[in-house]
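# Observations on chain architecture
Letter by letter, the chains look like this.
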Amino acid sequence: MAINWFPGHMHKARKEIRKVMPQMDLIIEVVDARIPFSSENPLVPSLRGDTPLIKVLNKRDLADPEVTNQWLAWLEQERGVRALTLTHNQRQEAMNILSLAEELTPHHDRQKSALRVMILGIPNVGKSTLINTLAGRPAAKTGNEPAVTRAQQAIKLPGNVLLYDTPGFLWPKLSPEACGYRLAITGAIRSAVLDFEDVALFEADYLVDAYPALITARYSLDSVPEDGLALMDAIARKRNFLRRGGVPDLYKVSEILLNEFRAGKLGRISLETPSMVEKERQENEKMPSDKD
């Protein structure tokens with residue numbers, strides 16, 4: 001699945017971030033706890049240098065807790081990185097981010113100057129909601145559609161912290177390819193640029209392999225389907241999503257699979273593990289480039 005979704009405002013955002021990031025004392029990156037690797041911005045490691053980084057794994061309540069613990073340990077192996085989890089309506093947990101920011105910048109005197117913090121996050125990971133929680137007021141626009149934030153803004157936080165909000169944006173190439181599918185499943189990419197059924201089939205294949213008990217329980221199946229397509233056929237028959245002649249309506253099934261995953265109705269599911277993405281990265285590096 002090729003996704004080329006890089007609007008002009010996102011190109012502008014990347015240039016702004018490249019210019020401003022060296023001036024920051026700390027970086028906060030919000031990622032989706034279900035896809036911590038696929039939802040991170042690959043530009044951050046190359047741009048942040050020695051600047052401390054807090055990784056916020058948001059939507060913890062939707063992710064597999066065992067897998068989330070694996071990610072926390074894996075992320076903190078990188079120098080200068082601290083990772084924590086978050087879920088909605090937990091203001092005190094969110095405020096702990098400011099305490100951690102102080103811990104990671106022990107030599108900064110906030111009596112003399114504000115602590116400059118940049119917050120990053122691709123569309124739909126909950127960055128704006130977190131900003132509003134930290135600010136204690138509606139300081140950033142929120143919405144269900146990706147790319148609500150369009151322009152950089154500075155927000156004053158308690159403790160003489162100046163938080164630089166940035167537009168949520170994706171990058172020109174989504175690699176490995178599986179990252180694009182995972183972003184699509186979680187809703188980080190607009191539906192208009194996707195092959196809806198292709199994305200749902202990717203999800204179905206993964207669920208059959210990784211969470212067979214959850215899908216058999218959710219869809220009242222007598223046994224685990226052989227593969228993703230068999231799962232989609234089984235759902236169509238259970239929910240009576242059939243066209244003329246008894247042909248499964250895979251579009252309706254795709255809507256059900258994607259919407260129920262995003263709403264957490266299938267259970268707490270993570271779409272990737274550290275070992276999985278490490279293997280995918282190694283395989284991707286072995287693939288011949290377009291120039292070969």
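Residues numbered from 1 in each chain as written. Predicted model: local features only at pLDDT ≥ 70, side-chain atom pairs only at ≥ 80, totals over all residues. Heavy atoms only, no water.

## Here we look at the overall build of the chain
As a reminder of what qualifies: Helical segments are the DSSP runs of H or I of at least four residues, strand segments are the runs of E of at least two, and each set is numbered from the N terminus. Burial classes: relative accessible area under 20% of the type maximum marks a residue as buried, over 50% as exposed, and values in between as partly exposed (1.4 Å probe, protein chains only). Residues are treated as being in contact if the distance between any of their heavy atoms lies within 4.5 Å. Per-residue accessibility takes into account occlusion by the displayed protein chains alone, with areas from the Shrake-Rupley method and a 1.4 Å probe.
Tallying secondary structure elements over the chain gives 11 helices and six strands in all. The buried share among the 292 residues of the chain stands at 50%. Sequence-distant contacts, at least 24 apart, represent 68% of the contacts inside the chain between residues at least 6 apart. Entry remark: accessible area of the chain is about 14400 Å², with carbon and sulfur atoms responsible for 48%.

## Quick look at the environment of Val253
Position of Val253 relative to the elements: it lies in helix H10 (residues 250-262). Distance in space between the C-alpha atoms of Val253 and Ile235 is 6.7 Å, their sequence separation being 18 residues.

## Some words on the confidence of the model for the chain
The following threshold applies: What pLDDT conveys is the predictor's confidence in a given residue, as a value from 0 to 100.
Summarising the model, the chain shows a mean pLDDT of 86, and 84% of its residues fall at 70 or more. The low-confidence segment residues 144-150, where pLDDT is below 50, has 25 contacts with residues more than four positions distant or belonging to other chains.

## What to know about the sheet that holds strand S1 (residues 26-32)
The condition that has to hold: Strands pair, by our definition, only if DSSP identifies at least two bridges between them. Note on geometry: axes are C-alpha line fits, over the in-contact stretch for helices, and angles between N-to-C directions span 0 to 180 degrees.
Taken in spatial order, the six strands of this open sheet run S3-S2-S1-S4-S6-S5, and their pairing is mixed. Two strands bound the open sheet, and with one partner strand each, they are strand S3 (81-85) and strand S5 (153-157). Strand-to-strand twist of the sheet, defined as the mean angle between neighbouring strand axes without regard to direction, takes the value 25°. The pairing of S1 with strand S2 (residues 53-58) spans six bridges and is parallel. Within the sheet, the bridge partner assigned to Asp32 lies in S2 and is Asn58. Each of S2 and S3 touches helix H3 (residues 65-75); the most contacted strand, S3, lies at about 165° to it.

## Observations concerning the packing of aromatic side chains
Just so we agree on the cut-off: Between rings of Phe, Tyr and Trp, where Trp is taken as its six-membered ring, a pair exists when centres lie within 6.5 Å; planes separated by under 30 degrees are stacked, by over 60 edge-to-face, and by other angles tilted.
Scanning the model with the defined rule gives four aromatic pairs in all. Consider the rings of Phe196 and Tyr251, whose centres lie 5.2 Å apart with planes at 35°: the pair is tilted. With Phe196 in helix H7 (residues 196-210) and Tyr251 in helix H10, this residue pair connects regions lying 55 residues apart in the sequence. Judged by relative accessible area, Phe196 falls into the buried class, the value being 15%. Ring geometry for Tyr206 against Tyr211: centres 6.3 Å apart, planes inclined by 55°, an arrangement best described as tilted. Owing to a relative accessible area of 14%, Tyr206 belongs among the buried residues under this scheme. Classification of Tyr211 by relative accessible area gives buried; the value is 11%.

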